[in-house]
Amino acid sequence: MTDRRVRRRDLWLLAGIILLAAWLRLYQLGAESLWFDEGWTALISQLEGQELRHALWTLPFPFYYLLMSFWTEAGNSEFWLRLFSAISGILSLPLLFQLARVTLGRRTAHLAALLLAVSPLHVWYSQEARMYALAVLLGLGASWAFWQATHRPRLWRWAIYVIISVAALHTFYYALFLLVFHGIYLGYLLICGHVTARTDGSARRHAVKTLREWLLAQAGIALLFLPGARLLIIQLMQGTWDWVAGKYGRPSIYALVDTLRAFSFGDQWPHLVRLQWAAFVLFVVVLLTGIGRLRWRREAIAYTVRFDPSRAFFLVYLCVPILAIWVLSQWKAGYLLRYLLLFLPPYLALVAHGMVSLRPKAARWGTLVLLLLVTAFPLAYSYATPQKEAWRDVARQIMQQAQEGDAICVIDEDAQAVFRYYYRGAWPVVGVSGGLRDAGEIAARAAALASGHQRLWLVISHTNNDAFQEHLQQSAAYRLEESWTYRGVQLALFRIIGYNIALDRDTKASGCPLAELVDRGVF
C-alpha cells in the first residue's frame, strides 16, 4: 500500500473516531441542570466591562473565563455553556493522535484516539461547563509543542510552546506539573544522549543549545504567568483551597490505584464490584505491556522494561505529575480526580501501545473488544442516570408556588450563583453561609429574614450544616408547611407566624449581589 493510500486511510479512520467522540459528547449535553461549579461559569461569563476585567484579574483560570465571556455572547443555555467543553474534548483527539503517531506509531495513535473518544471520564468532563476539558486540550498542545521543539528545534516552535503553556497555566494551575514533566523528560534525553545531533555531528553543542532554549522558554513562561502566580500565592496564604483538605483529606496509597481505575473506565460503576476489578486488572496488564514487554511462557511470566524515548515520554507524562501532586497533597491537600484529568491522555496512550504489542493478532482484537465493552457499561449508566444537582426543578418549584410576601434563603450562600441562573421570580434571594453554627447569629439572621415577609423558602445544598433549618423547625415563630428532596438539593417552605410586620417592598432583603460573590474570590 502506498504512503498516500495509508495517509488517506488513516485520515478516514481518525475522522470516524472523531465523529464517535462528537456523538458521545453532544448526546444529552443540555439534559441535566447545571451543578454548583457550573453556576460560577455561567455567572462569571455574563459579567461585562469593569466587572469582567476585575474578575479576570482577581480570579484564577482567567483564560477560560475570558474565552467563555466571548462564547456566551451567542447564548447562555445549558447546552451552549457546555458545548465549549465538548468541542475542547473533541479537539483533544487529533492532538493525542499526532503526539502518539510521532512517538509510538500510527496503530498506537489510532487506538489511543479511540480510547480517549470512549473514555467515560473524558466524556463526563467534556459535558461540563468547566475548564477541565480545555486544560486537557492545552496540556496536549503544550506537550506536542515541547516534543517538536526538542526534536526539531526552531525558534518559532519554542515560541508556540511558550504561548500554549502560558494559556494552559492560566486555564488551570495543575498545568505547572506539565512543565515539571517536560523538564524531567528533557533531562532524560540529555543524560541518555537521545537529543539529535546536527549534521556537523556536534552532539554536545546541540545538547547545550537545546537546554539553553528550554531555559529561555521557561523564563518566558514564568514572566507571562506572573499575575497568575501572584494570585495563586495569595490564595494559598489566605486558605482559599483549605476546603479540599476539609472535604477530602490527605490521599492514601489507595488513591493512586483509584486514579488508575477512574482513568480506565471512569468513576461511575454502580455494581458488580468483582467485574470492575477484573476489568481493572485487564487494563493494568495491557498498560504494563505498553510500558515494557510482557511474555507468557509455560514456565513463567516474563516481563522486561524498555525505556526507549517514546515510551519514556508518556511514562514520565503520566507518573511524574500524579506522584508529585500526591506527595504535595500530604502537606497541602489537592488530590482530586477532576484535577488530574490533564494526565489521562498518556495513560490511554500507554494502554493503546500495550494493545498493539500483544501477540497474536487475535489477542489484540479480543482485548480491544473487551476494553470497549468495559467502557460502554459506565457510559450507558451515566447517560441513563441523572447525577447533577436538580437546580432547574428547584427553581421551577419555587416560581410555581411563590406568592406575595415570600423570601428565599439559600444555604450555602455560594449556591446562589447556580440558583439565580434558573430563578426568574420577583421575590428576594438571600444567602446564608453553610458554616454558620452560632445559635445567636442564626436567630438574628432568621429574624432579619422574617422581617417584612410571610413565608420563607429554604434552599440547602453543598453543606451538611442543618443548624439553620433546625432553628426554624424548633422555633415557635415558624411553621414548616412542606418540604421536598431533589437531587443534591433540599427545599423547605416555612410559614412565618411569630412576626406581625407589614410587607415593605422598598426594604426587601436582596442578599449578596452576584458581583460581590465574585469579588469574594469564590469560583
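Provided above is the structure to which this section pertains.
Overview of the structure.

1. Examining the pairing of strand β3 (residues 406-411)
Okay, step 1: Of all the six residues making up β3, six are buried; the element is thus mostly covered by neighbouring parts of the structure.
Okay, step 2: Sheet analysis places β3 next to strand β5 (residues 455-460), joined by six bridges and oriented parallel. Among the inter-strand pairings, I411 is bridged to a residue of β5, identified as I460.
Okay, step 3: With four bridges connecting them, β3 and strand β4 (residues 429-432) associate as parallel partners. Its bridge partner lying in β4, I411 is registered against V432.
Okay, step 4: The parallel pair β3 and β4 is bridged by helix α20 (residues 416-422), and the resulting crossover is right-handed.

2. What to know about the sheet that holds strand β6 (residues 478-486)
Okay, step 1: Judged by pairing direction, the sheet is mixed, and its five strands sit side by side in the order β4-β3-β5-β7-β6 without closing on themselves. Two strands in the sheet have a free side with no partner beyond their single neighbour: β4 and β6. Shown here is a sheet whose adjacent strand axes are inclined to one another by a mean of 20°, direction ignored.
Okay, step 2: Each of β3, β5, β6 and β7 (489-496) is contacted by helix α19 (residues 391-401), which is oriented at about 175° to β5, the strand it contacts most.

3. As for the pattern of salt bridges
Okay, step 1: On inspection of all chains with the given rule, the structure shows eleven salt bridges.
Okay, step 2: D393 is paired through a salt bridge with R396; the nearest N and O atoms lie 2.9 Å apart. Here D393 pairs with R396, and both are found in helix α19, just three residues apart, close to one helical turn.
Okay, step 3: Residue classification places D393 among the partly exposed residues on the basis of a relative accessible area of 30%.
Okay, step 4: Among the ionic pairs, D406 bridges to R455, the shortest N-O distance being 2.8 Å. Here R455 lies in strand β5 and D406 lies in strand β3, a separation of 49 residues in the sequence. Here D406 matches R455 in class, with each residue buried.

Rules used throughout
Each chain carries its own residue numbering, running from 1 in the written order of its sequence. Totals for whole chains, interfaces and linings use all residues, but because this is a predicted model, local features are given only for residues with pLDDT of at least 70 and pairs of side-chain atoms are given and counted only at 80 or more. As a convention, hydrogens and water are excluded, and side-chain values are obtained from all of the structure's heavy atoms. Summary of the burial criterion: residues with accessible area below 20% of their type's maximum are buried, those above 50% are exposed, and those between are partly exposed, where the area comes from a 1.4 Å probe applied to protein chains only. Strands here are runs of E lasting at least two residues and helices are runs of H or I lasting at least four, both read from the DSSP assignment and numbered beginning at the N terminus. Strands pair, by our definition, only if DSSP identifies at least two bridges between them. Looking down the strands as they point away from the viewer, one classifies a crossover as right-handed if the path from the first strand across the helix to the second runs clockwise. Lines are fitted to the C-alpha atoms to define the axes, a helix being fitted only along its stretch in contact, and any angle between axes, read from their N-to-C directions, falls within 0 to 180 degrees. In this description, contact between two residues means that some pair of their heavy atoms is separated by no more than 4.5 Å. The working definition used for a salt bridge is a side-chain nitrogen of Lys or Arg within 4 Å of a carboxyl oxygen of Asp or Glu.

Limitation: the analysis is restricted to geometry and does not speak to function.
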